[in-house]
Amino acid sequence: MIFWRKKTKDPAQEKQEKDETKALPDSSAPDSSAPDSSAPVAERLVSEDPAPPAVSQDDAPQDDNMPQDDTPDVQESWLSRLTGGLSKSSTKLTQGIADLVTKKKLDQAMLDDLEELLIMADLGPRTAAKIVADFGKDRFGKDISEEEIRQALAAGITSLLAPVQSEMSFASPDHAGPFTVLVCGVNGVGKTTTIGKMAAALQSRQGKKIMIAAGDTFRAAAIEQLEIWAERARATLVKKEIGADAAAVAYEAYERAKAEGADVLFIDTAGRLHNKANLMAELEKIVRVLKKQDESLPHAVLLILDATTGQNAYEQVRIFKDIVNVTGLVVTKLDGSAKGGVVVGLADQFGLPIHLVGVGEGTEDLQPFRADAFARSLAGVES
Ligand SMILES: Nc1nc2c(ncn2[C@@H]2O[C@H](COP(=O)(O)OP(=O)(O)O)[C@@H](O)[C@H]2O)c(=O)[nH]1
Ligand SMILES: [Mg+2]
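Bear in mind that the values here come from a model prediction, so they are computed numbers and not experimental data.

What counts and how
Residues numbered from 1 in each chain as written. Chains lettered and ligands numbered in written order. Predicted model: local features only at pLDDT ≥ 70, side-chain atom pairs only at ≥ 80, totals over all residues. Axes fitted to C-alpha atoms, helices over the stretch in contact; angles between N-to-C directions. Helix = DSSP H or I, 4+ residues; strand = E, 2+ residues; numbered from the N terminus. Parallel < 35°, antiparallel > 145°, perpendicular 65-115°, else oblique. Left-handed = near helix turned anticlockwise from the far one by under 90°. Contact = placed C-beta atoms within 7 Å. Nonpolar A, V, L, I, M, F, W, Y, C, P; charged D, E, K, R; others polar. Pairing = 2+ DSSP bridges. Core = buried A, V, L, I, M, F, W, Y, C linked by C-beta atoms within 7 Å. Buried ≥ 20, exposed ≤ 12 C-beta atoms within 10 Å, placed from the backbone. Right-handed = clockwise from strand over helix to strand, strands pointing away.

### Describing the packing of helix H9 (residues 246-259) against helix H10 (residues 276-293)
At a minimum axis separation of 8 Å, H9 and H10 run at an interaxial angle of 30°. With respect to their mutual orientation, H9 and H10 come out roughly parallel. The way H9 lies across H10 gives a crossing that is right-handed. Contact residues: Ala246, Ala247, Ala250, Tyr251 and Tyr254 in H9; Glu282, Lys285, Ile286, Val289, Leu290 and Gln293 in H10. Of the residues that constitute the contact of H9 with H10, the class distribution is 8 nonpolar, 1 polar and 2 charged.

### A word on the sheet that holds strand E5 (residues 300-306)
Across the sheet, which stays open at both edges, the 8 strands sit in the order E3-E2-E4-E1-E5-E6-E7-E8 with mixed pairing between neighbours. The open sheet has two edge strands with one neighbour each: strand E3 (236-238) and strand E8 (366-368). Averaged over all neighbouring strand pairs, the angle between strand axes comes to 25°, with direction disregarded. Strand direction decides the pairing type here: strand E2 (residues 210-215) and strand E4 (residues 264-269), joined by 6 bridges, are parallel. Paired with Ala214 across the strands is Asp268, a residue of E4. Where helix H8 (residues 220-232) meets the sheet, it contacts E2, E3 and E4, and its direction lies at approximately 175° from that of E2. The strands touched by H9 are strand E1 (179-184), E2, E3 and E4; relative to E2, the strand with the most contacts, the crossing angle is about 165°.

### Here we look at the nonpolar core
Ranked by internal contacts, the top residues of the largest apolar core, which has 104 residues, are Ala199, Ile212, Ala250 and Leu265. For this core, the element with the most residues is H9, which contributes 8 residues. The residues touching Ile212, leaving out its near neighbours within four places in the chain, are Ile195, Ala199, Leu226, Ala230, Ala235, Leu237, Phe266 and Asp268.

### Looking at the pairing of E2
With respect to burial, E2 is a largely interior element, 6 of its 6 residues being buried. Here E2 runs beside E3; their pairing, made up of 3 bridges, is parallel. Across the sheet, the residue bridging to Ile212 is Leu237, located in E3. After leaving E2, the chain enters H8 and then returns to the sheet as E3, a path that is right-handed.

### So, the pairing of E5
The element E5 is extensively covered by neighbouring structure, given that 7 of its 7 residues are classed as buried. On E5, burial covers both faces: Ala300, Leu302, Ile304 and Asp306 on one face and Val301, Leu303 and Leu305 on the other are all buried. Bridge analysis of E1 against E5 gives 4 bridges, and the strand direction is parallel. Bridge pairing in E5 places Val181 opposite Ala300. Relative to strand E6 (residues 328-332), E5 runs parallel, the two being bridged by 5 bridges. The residue bridging Leu305 from the neighbouring strand is Val331, located in E6. Read as a crossover between parallel neighbours, the route from E5 over helix H11 (residues 312-323) to E6 is right-handed.

### Here's the deal with unusual backbone geometry
Between Leu297 and the following residue, Pro298, the backbone shows a cis peptide bond with an omega angle of -15°. Along the chain, the position of Pro298 falls in the loop between H10 and E5. Phi at Arg234 takes a positive value of approximately 50°, unusual for a residue other than glycine. You can see Arg234 is positioned in the loop between H8 and E3. If you check the backbone angles, Lys333 has positive phi at about 60° while not being a glycine.

### Examining the packing of helix H5 (residues 125-139) against helix H12 (residues 342-350)
Interaxial distance between H5 and H12 falls to 9 Å at its minimum, and their mutual angle equals 90°. Between H5 and H12, the angle is such that the two are roughly perpendicular. Residues Arg126, Thr127 and Lys130 of H5 pack against Val344, Gly345, Asp348 and Gln349 of H12. Taken together, the residues of the contact of H5 with H12 sort by class into 1 nonpolar, 3 polar and 3 charged.

Here is the structure:
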């Protein structure tokens, strides 16, 4: 998978592409092999909790939702993946809780310490205050243990997260064209990888016909990265030359996807936030040209957020909400982050549906967001 290095290029381009190559999935990772029909990667794309989502996009039949496998073994492996992924974030919280339980009875000082701990864990001041206020209501002046605090925290977090738990549905509303998903977010958050993972899951588990538009037209390696993912997901990639108009790529891809009867179209985009005016112009133009084809397009606008950026994620949501009509979030890199608490603050402050979370680079590491499992893993409560 290193064919892109064999081309002759000028040194500047080479450096750029080297940087981008860092963003490629590790070719030695288990998921980086060609699609393996004997063990479809998406079979591992499951939820650990078969309960129906609190928020549902529509009444789409189950096979238009993100494929899941609810068998006990797979659920268990998912849960341990999530718990493992969130371990840095939860260790920070549970260690902090252990340190603050210095007295037997819950007093104001302990509540203040808990609030500070939650703020430090990236939940944001408003959300932290809300959780602590609820927590103190019934328990003030009573005996309290570490385990009770963890349990109460898990319950408080679950109630904030439940309203945004939302199954991602890929059902085209009128079935006249592909379900069209615009994927946005700043550079490096995991847009391309997430498209690849979703495409692989939908193709291998549900046999969906996928088309992907290479709307990040700035670097050759960005297109080549998408080519690898498309190949893995047996998806058709629609691309143009470097520097091409992203909106033209999106327009052409939609026309083609419709003509060829594709079920889902993913549109990848560039995320150069250092030039907000350009980014805005580009995303707005993509939406505008899609709407020329069909006013209901795009059917979903996913904003991808990188959990390792912590507080920065709040600002990114604000910026992208200004530019496009964000319909849902995917939070990636929870595995490498001690800032998983940011998910709770995002849910509380913006109320946008959270569809999926990423806990690793492999195809199997993208999983449906489950409020309860997430809250319990984060608060360090044994399941
Ligand atoms: N550890 C980890 N890495 C991820 C996850 N999602 C994406 N990545 C990595 O993040 C890097 C940037 O991803 P990419 O999809 O190229 O980001 P883009 O610039 O937004 O398209 C790549 O190395 C991905 O493998 C995740 O959930 N966990
Ligand atoms: Mg990309």
